[in-house]
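Analysis of the macromolecular model
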Amino acid sequence: MTSLIDAAIFAGVIALWTACTIFLAFIAEWFYRKMMGHIQHRVGPKLTGPVGILQPLADFIKLMSKEQISPRGTDESFVDFLAIFGVWLMIIMSLFLPIFSTHGIFSFHGDAIFLLSLFAVGSIIYIVTPYLFPSPYPTIGAGRRAELYLAYEIPMFLALASVLFVMRSATVSEIIALPLTSIRGVPAVIILIPALIVTLLGVMARVKKLPFDIPEAETEIASGWEAELSGRRLAFFNLLTDLKLLVGSGIIVTFFLGGPLGPVFVVEGLEWLLVPLWRCFWFTLKTFIVILIITIISGSVARFRIDQVLNLFWRKVLPLAVVQVIIIVVVYAL
Amino acid sequence: MTYRVIHLGLVEAAVAIIVPFVLLWIIYSLGKVSKRETGREPYVSGHQFPSTWIPYRPEWLYYISYFILWDIIVIFMLFTWSGFSPVFMATLIILISAMLLAVITLLPYRRRVIRK
């Protein structure tokens, strides 16, 4: 009976976590749009809620109430499944992030590897879904997405593997100590700056932010992979993109910026409450700083052509990631 | 600094996996269900799209993407091989899920794209 009550309480916690993660994803989208507006000398969202903070939620509700249109011959049930599966995957990934503590709700030895595996699976959804529509625009968008995936996945994997090599661990609760680590007197974060740049570019390509939004280039291929999405499907795929931005930034914070580590000021007797809140504060602050950096880059650079993106990742970013691995090997060999 | 590593029980893990999926399924079901399959506007559904020439064979990108995904997961499994550790079992489950996903999507994919 006690275990049943415990399981029920745990289910309530997970339900609350799901709601909070989705709401935080909406906040992240609002932050991105607001900052992008400032960069482009626009106002950005401002009407719904204080300073327009509820605009993404309003957009979600609006899309959920709109008619669902799809071409004849679409695999309806499988598109519906992938829409739910993608969002679910991101929420499961958020359970691994060390937000309130030095470890996530899911935590075991080697969980960082599992986290990266889930992140790789998430990208496949963007390639599979458009192929389920018998329309040329999603097909071209999916092809571009696959080319982009091939280009950024390998350098990003090498960059994140560099962190694992330096920390000699694949566990999130140990990786977050990177800012406190030094290699032969040099802070490890400085040695890993190329890996940080590669990962940042990889996350931007993964969430299809400018200048890497070629799979959905509106002016070229009519929104590409999402051309045939509408109604609740579009709402869920937009939510998936927001969650990817949030979780991708959280992964950068976890691997490079110390996760929830930061100054903690507590009152005696209230440590049980204040310490997790401070951890959550530092993790969220760092995550939104990463989102701000992504926004500034997105707002400053025009969209690349497909050949320019592939050129960038295969000829510049991949060698940079390889150089990063060589640097680490040399530093440890000396 | 000391770090604590927790191990969730099977029940908690199952709850954490099932509850978000059920919640999302409920939210998704609240959306408007009525569908329209015909339309006359350009670029929206209802059209019988003509065959489109694509300047490359997209199926190769599809297969290579899956290959890279499996490759990464298999490398992870090799790195983490130390008996039946939780991470090994978890990556094994992901690998099997990804392969099932590939098999399920292969049929509509071949029908809709390769013959296009």
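Nothing here was measured: the structure is a model prediction, and the numbers come from that model. (Residues numbered from 1 in each chain as written. Chains lettered and ligands numbered in written order. Predicted model: local features only at pLDDT ≥ 70, side-chain atom pairs only at ≥ 80, totals over all residues. Heavy atoms only, no water.)

**A word on the overall build of chain A**
In terms of helices and strands, chain A carries 12 helices and 3 strands. Rg of the C-alpha trace for chain A: 21 Å, near the compact-globule value of 20 Å for 334 residues, within the 12% margin. Dimensions along the principal axes, computed over C-alpha positions, put chain A at roughly 60 × 55 × 45 Å. Evaluated residue by residue, chain A yields a buried proportion of 62% over its 334 residues. The contacts of chain A with a sequence gap of at least 6 include a subset with a gap of at least 24, amounting to 77%. Total accessible area on chain A stands at roughly 12300 Å², and carbon and sulfur atoms take up 72% of it. Across chain A, the mean location of the 23 positive side-chain charges is 7 Å away from that of the 21 negative side-chain charges. (Helix = DSSP H or I, 4+ residues; strand = E, 2+ residues; numbered from the N terminus. Rg over C-alpha atoms; globule rule 2.2 N^0.38 Å. Buried < 20%, exposed > 50% of the residue type's maximum accessible area, 1.4 Å probe, protein only. Contact = heavy atoms within 4.5 Å. Areas by Shrake-Rupley, 256 points an atom, 1.4 Å probe, with all protein chains shown as cover. Lys, Arg positive; Asp, Glu negative; His and termini not counted. Charge placed at Lys NZ, Arg CZ, Asp CG, Glu CD.)

**Regarding the overall build of chain B**
Within chain B one finds 3 helices and 1 strand. Moving toward the C terminus, one meets the helices and strands of chain B in the order α-β-α-α. Evaluated residue by residue, chain B yields a buried proportion of 34% over its 116 residues. Restricting to contacts in chain B with at least 6 residues of sequence separation, those with at least 24 account for 51%.

**Quick look at the pattern of salt bridges**
Residue and element names in this part refer to chain A. Under the defined criterion, the tally for this structure stands at 7 salt bridges over all chains. The salt bridge partner of Arg33 is Glu29, with a shortest N-O separation of 3.0 Å. Taken together, the positions of Arg33 and Glu29, both in helix 1 (residues 2-39) and 4 residues apart, correspond to about one turn of that helix. For Arg33, a relative accessible area of 27% gives the class partly exposed. When its relative accessible area of 18% is taken as the criterion, Glu29 is described as buried. Residue Asp80 pairs with Arg232 through a salt bridge whose shortest N-O separation is 3.9 Å. Of this pair, Asp80 sits in helix 3 (residues 76-94) while Arg232 sits in helix 10 (residues 231-256), and the two are 152 residues apart along the sequence. For the pair shown, Asp80 and Arg232 are each scored as buried. Salt bridges here are not isolated pairs; linked through shared partners, they connect Glu29, Arg33 and Asp59. (Salt bridge = Lys/Arg side-chain N within 4 Å of Asp/Glu carboxyl O.)

**A short note on the packing of aromatic side chains**
Working definition: an aromatic ring pair is given by the centre-to-centre distance plus the angle between the planes. Taken as a whole and judged by the stated rule, the model has 18 aromatic pairs over all chains. Where Phe212 of chain A meets Phe313 of chain A, the ring centres are 5.4 Å apart and the plane angle is 55°; that geometry is what we call tilted. Of this pair, Phe212 of chain A sits in the loop between helix 8 (193-206) and helix 9 (218-221) while Phe313 of chain A is found in helix 12 (residues 306-333), placing the two residues 101 residues apart along the sequence. Of the two residues examined, Phe212 of chain A and Phe313 of chain A, each falls in the buried class. Between Trp278 of chain A and Trp282 of chain A, the ring centres sit 6.3 Å apart and the planes meet at 25°, which makes this aromatic pair stacked. Of the two residues, Trp278 of chain A and Trp282 of chain A both sit in helix 11 (residues 271-300), 4 residues apart, roughly one turn of that helix. A relative accessible area of 23% places Trp278 of chain A in the partly exposed class. Among the aromatic residues, ring-to-ring pairing joins Phe78, Phe81, Phe85 and Trp88 of chain A together with Phe21 of chain B into one connected group. (Phe/Tyr/Trp six-rings, centres within 6.5 Å; stacked < 30°, edge-to-face > 60°.)

**Quick word on helix 4 (residues 111-131) of chain A**
Given a rise of 1.5 Å per residue, 21 residues ought to cover 30 Å, and the 32 Å separating the end C-alpha atoms of helix 4 of chain A matches this to within 8%. Within helix 4 of chain A, 21 of the 21 residues are buried, which leaves the element mostly enclosed by the surrounding structure. (Expected span 1.5 Å × (residues − 1).)

**Looking at the side chain of Thr254 of chain A**
Residues and elements named next belong to chain A. Mapped onto the fold, Thr254 is located in helix 10. In terms of polar contacts, Thr254 uses its side chain to reach the backbone carbonyl oxygen of Gly250, at 2.7 Å. In this structure Thr254 touches Leu97, Pro98, Val172, Ile175, Ile176, Gly259 and Phe283, once residues within four positions along its chain are discounted. (Polar contact = N/O pair within 3.5 Å; in protein donor to acceptor, adjacent residues only side chain to side chain.)

**Details of the packing of helix 4 of chain A against helix 5 (residues 136-167) of chain A**
Residues and elements named next belong to chain A. Orientation of helix 4 relative to helix 5, taken along the N-to-C sense of each, is 170°, at an axis distance of 8 Å. Our classification of the angle between helix 4 and helix 5 gives roughly antiparallel. Along the contact surface, helix 4 presents Ala112, Ile113, Leu116, Phe119, Ala120, Ser123, Ile124, Tyr126, Ile127, Pro130 and Tyr131, while helix 5 presents Pro138, Thr139, Ala142, Gly143, Arg145, Ala146, Tyr149, Tyr152, Glu153, Met156, Leu160 and Leu164. Per-class residue counts for the contact of helix 4 with helix 5 are 18 nonpolar, 3 polar and 2 charged. (Axes fitted to C-alpha atoms, helices over the stretch in contact; angles between N-to-C directions. Parallel < 35°, antiparallel > 145°, perpendicular 65-115°, else oblique. Nonpolar A, V, L, I, M, F, W, Y, C, P; charged D, E, K, R; others polar.)

**Considerations on the environment of Leu310 of chain A**
Residue and element names in this part refer to chain A. Following the sequence through the fold, Leu310 ends up in helix 12. Separated by 232 residues in the primary sequence, Leu310 and Phe78 have C-alpha atoms spaced 30 Å apart. Setting aside residues no more than four positions away along its own chain, Leu310 makes contact with Glu147, Ala151 and Arg315.

**Side note on the environment of Leu63 of chain A**
Residue and element names in this part refer to chain A. Considering the arrangement of structural elements, one finds Leu63 in helix 2 (residues 55-64). As for Leu63 and Gly231, which are separated by 168 residues in sequence, their C-alpha atoms are 4.9 Å apart. Among all residues touching Leu63, those that are not within four sequence positions of it are Gly231, Arg232, Leu234, Ala235 and Asn238.

**Structural notes on the nonpolar core**
For soluble globular proteins, the rule of thumb is that nonpolar side chains tend to be buried together. In terms of nonpolar packing, the biggest core is built from 122 residues, with Phe236, Phe255, Phe256 and Phe313 of chain A touching the most fellow members. Those residues within four positions of Phe255 of chain A in sequence are excluded, and the remaining contacts are Ala112, Leu115, Leu116, Leu160, Val163, Leu164, Ile175 and Leu178 of chain A. (Core = buried A, V, L, I, M, F, W, Y, C linked by side-chain atoms within 4.5 Å.)

**Things to note about unusual backbone geometry**
The general pattern is negative phi for most residues beyond glycine and trans for most peptide bonds. All names here are of chain A. Non-glycine residue His41 carries a positive phi angle of around 60°. When you line up the elements, His41 lands in the loop between helix 1 and helix 2. Classification of His41 as exposed rests on a relative accessible area of 78%. Not every positive phi belongs to a glycine, and Val51 is a case in point at roughly 45°. Along the chain, the position of Val51 falls in the loop between helix 1 and helix 2. Judged by its relative accessible area of 52%, Val51 falls in the exposed class.

Remember that the coordinates give geometry; whether it matters functionally is a separate question.
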